[in-house]
Amino acid sequence: MKQWQGKRTGIGWLPGLAGILLCLFVSSAAADDFSDYKTSAGSTAVVNLPMAGGPNGEWMSWFTAVDYFPSGTTAMIDGRFEAEGRMIAATGREIYLQRTYGSSKWDVVATVPYTMDPSFIHVSPDGSRIALGVGYVAPLLIIPTTVLSATAPPDLTTHAAVKQFPLINYYDGDWVEEGDGIDANRYFVVNGGQWPSDCEPPYDSNPYCSFASGVGAVDTEVANPATHVGVPLIIGIPGASSDVDVDKSGNLLTGIGYLTSPNRTGEVKVWPAGGWDPVNGSSLAYEGNTRIVAANILSAAYLGEDAEGNFHIGGADAFGVGGPPERGYAALIKAGIVNAIATGARTTPVTDGNRGDTSEYKYFAPDPCQDDSATGILAGDWGRGLAVMWNPTYYETNGSCAGDVGSAADYWNPGVTPR
């Protein structure tokens, strides 16, 4: 079911997050940052994300992918602009760099010759490389940060320094983190269709083959990217693709973006550090793992962690599988829980806490109408905080949520207008 991979249509990360990025800050001296996250006045900042459209709107993407350059990045743009701390975004036919820190001004720093349906853009741990999931049936691009230019934006599909991996079937991905015993800026982990593609040996005997996903690892320094398919890590994941995260402890997390009968949408499992191998492959059976971190929280999209190890989940179970729709919010799970489940010290997963804050779960809903078909969340290495992405269309058009709550008016469509 490739419509669940790359395009981010339907259930996982619904597309078009071009509107708002709301930064949630914690206090600078907090002993427990999880308890200190807040959304009250004075704790948020708003950044408008770009949405390219071409002269007549013909380049409209479903989605704006975004990430931050981490602290410690030494790469320079045009030899004079520091990348560290800035956001980078992909939409339309263009890659954008945030002009200044915290700004809603963007400069084009690269292009592609076709309209992207970008699945993701992820900066490597040292900021030297960028992984770009251009979109459905398009290649995975690995881009040296130094090729970006605001004065002469390069075409990424023809630049000699950009590596293209046409055989990688992706939905989302993450760079391997430091501490895993391998080069964190070399290996990129991907969740997509059965690895490396749907219903081919050795996966064609899998009962979920027609509607399943898998996780594999890409060697971004391989000699011939044109023929590289990487190595399988997790196979036989039932249902639609989800995000994948490698945390700072070396744990691998992924799950189910959408599955009914029984409802397992939003299930997230963890594989402990040392229990999977991005260099040689692992081929671990998803159903053989009983370490469930989250059960039915959103759609297992936007998986990641903040600087203190609190684990976040975004997305939306927009169709309300097995209960009321889960949309218009993002979740945060307290640091330590993932490691406890990975090691077997804890066996019970985290649930959604009835969408209220608990001692191990927090609930962020920046849209007052809570009607978004997807809500994104990511950590910014520029400081101690999170960025939550949402679509304000209904509220800003109508001035209130009257008649809208629960109607999911803010479903994503091509060219969703940013604030």
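Right, let's walk through the structure included here.

Quick notes on the rules
- Residues numbered from 1 in each chain as written.
- Predicted model: local features only at pLDDT ≥ 70, side-chain atom pairs only at ≥ 80, totals over all residues.
- Heavy atoms only, no water.
- Helix = DSSP H or I, 4+ residues; strand = E, 2+ residues; numbered from the N terminus.
- Buried < 20%, exposed > 50% of the residue type's maximum accessible area, 1.4 Å probe, protein only.
- Contact = heavy atoms within 4.5 Å.
- Areas by Shrake-Rupley, 256 points an atom, 1.4 Å probe, with all protein chains shown as cover.
- Disulfide = S-S within 2.5 Å.
- Pairing = 2+ DSSP bridges.
- Polar contact = N/O pair within 3.5 Å; in protein donor to acceptor, adjacent residues only side chain to side chain.
- Phe/Tyr/Trp six-rings, centres within 6.5 Å; stacked < 30°, edge-to-face > 60°.
- Axes fitted to C-alpha atoms, helices over the stretch in contact; angles between N-to-C directions.
- Lys, Arg positive; Asp, Glu negative; His and termini not counted.
- Salt bridge = Lys/Arg side-chain N within 4 Å of Asp/Glu carboxyl O.

1. Details of the overall build of the protein chain
- If you tally the helices and strands in the protein chain, you get three helices and 27 strands.
- Split into buried and exposed, the 419 residues of the protein chain put 58% on the buried side.
- Within the protein chain, contacts between residues at least 6 apart in sequence are counted, and of these 61% link residues at least 24 apart.
- Carbon and sulfur atoms provide 52% of the accessible area of the protein chain, an area that totals close to 14800 Å².

2. Let's talk about the state of the cysteines
- Scanning all chains against the criterion turns up one disulfide.
- What pairs with Cys369 in a disulfide is Cys401, and their sulfur atoms sit 2.1 Å apart. Judged by the torsion about the S-S bond (-95 degrees), the Cys369/Cys401 disulfide is left-handed. With Cys369 in the loop between strand E25 (361-364) and strand E26 (376-379) and Cys401 in the segment after helix H3 (393-398), the pair connects residues that are 32 residues apart, well separated along the chain. Across the pair, exposure class does not vary: Cys369 and Cys401 are buried alike.

3. What about the pairing of strand E6 (residues 87-91)?
- Of all five residues in E6, five are buried; the element is thus mostly enclosed.
- Covered by surrounding structure in E6 are Met87, Ala89 and Thr91 together with Ile88 and Ala90, the residues of both alternating faces.
- Where E6 and strand E7 (residues 94-98) come together, four bridges link them in antiparallel fashion. Bridge pairing links Thr91 to Glu94 in E7.
- The turn linking E6 back onto E7 is made up of two residues, and Gly92 within it adopts a positive phi angle of 60 degrees.

4. As for the side chain of Asp367
- Mapping Asp367 onto the fold places it in the loop between E25 and E26.
- A polar atom in the side chain of Asp367 sits 2.9 Å from the backbone nitrogen of Cys369.
- Each residue touching Asp367, except ones within four places of it in the same chain, is listed here: Asp372, Trp390, Asn391, Pro392, Tyr395 and Asp410.

5. Quick word on the pairing of strand E23 (residues 311-314)
- Side chains of E23 alternate between two faces, with Phe311 and Ile313 and His312 and Gly314 buried alike.
- With three bridges connecting them, strand E22 (residues 301-305) and E23 associate as antiparallel partners. Considered in E23, the bridge of Glu305 is made with Phe311.
- With antiparallel pairing between neighbouring strands as the criterion, E22 and E23 make up a hairpin whose turn holds five residues, including Gly309 at a positive phi of roughly 90 degrees.
- In this sheet, strand E24 (residues 330-333) lies alongside E23 in antiparallel orientation, the contact comprising three bridges. Residue Ile313 lies in a different strand from E24, and its bridge partner there is Ala331.

6. Re the packing of aromatic side chains
- If you walk through the whole model with that rule in mind, you get five aromatic pairs.
- Arranged with centres 5.5 Å apart and planes meeting at 75 degrees, the rings of Phe120 and Tyr170 form a pair that is edge-to-face. Highlighted residues: Phe120 in strand E9 (residues 120-123) and Tyr170 in the loop between strand E12 (163-165) and strand E13 (172-175), separated in sequence by 50 residues.
- On the accessibility criterion, Phe120 (1% relative accessible area) is buried.
- For Tyr170, a relative accessible area of 3% gives the class buried.
- Taking 5.6 Å as the distance between ring centres and 35 degrees as the angle between the ring planes, the aromatic pair formed by Phe120 and Phe188 counts as tilted. In this pair, Phe120 sits in strand E9 while Phe188 sits in strand E14 (residues 187-193), placing the two residues 68 residues apart along the sequence.
- Using a relative accessible area of 0% as the deciding quantity, one classes Phe188 as buried.

7. What to know about the sheet that holds strand E10 (residues 129-133)
- Across the sheet, four strands lie side by side as E9-E10-E11-E12; this open sheet has antiparallel pairing. The open sheet has two edge strands, E9 and E12, and neither has a second partner. For this sheet, the mean angle separating the axes of adjacent strands, direction not counted, is 15 degrees.
- Where strand E11 (residues 140-144) meets E12, three bridges bridge the pair, whose relative direction is antiparallel. Its bridge partner being in E12, Leu141 is matched across the sheet by Gln164.

8. Points about the side chain of Glu94
- The topology assignment puts Glu94 in strand E7.
- It turns out Glu94 is buried and unbridged, and the closest side chain with the opposite charge, Arg93, is 8.6 Å from it.
- For Glu94, the side chain forms a polar contact with the side chain of Tyr96, separated by 2.5 Å.

9. A few points about the sheet that holds strand E16 (residues 231-238)
- Pairing within the open sheet is mixed, and its five strands lie in the order E13-E14-E15-E16-E20. Only two strands of the sheet have a single neighbouring strand rather than two, namely E13 and strand E20 (284-285).
- Sheet analysis places strand E15 (residues 212-219) next to E16, joined by five bridges and oriented antiparallel. Within the sheet, the bridge partner assigned to Ser213 lies in E16 and is Ile237.

10. Digging into the pattern of salt bridges
- The tally for this structure, following the rule as stated, stands at 10 salt bridges.
- Across the pair Arg264 and Glu267 runs a salt bridge whose closest N-O atoms are separated by 2.9 Å. Comparing Arg264 with Glu267 shows no difference in burial state: the two are buried.
- The partner of Glu287 in a salt bridge is Lys269, with the nearest N and O atoms 3.7 Å apart. With Glu287 in the loop between E20 and strand E21 (292-294) and Lys269 in strand E19 (residues 268-271), this residue pair connects regions lying 18 residues apart in the sequence.
- Looking at Glu287, the relative accessible area reads 37%, which means it is partly exposed.
- Ionic contacts of the salt-bridge type, sharing partners, join the residues Arg129, Arg186, Asp219 and Glu221 into one network.

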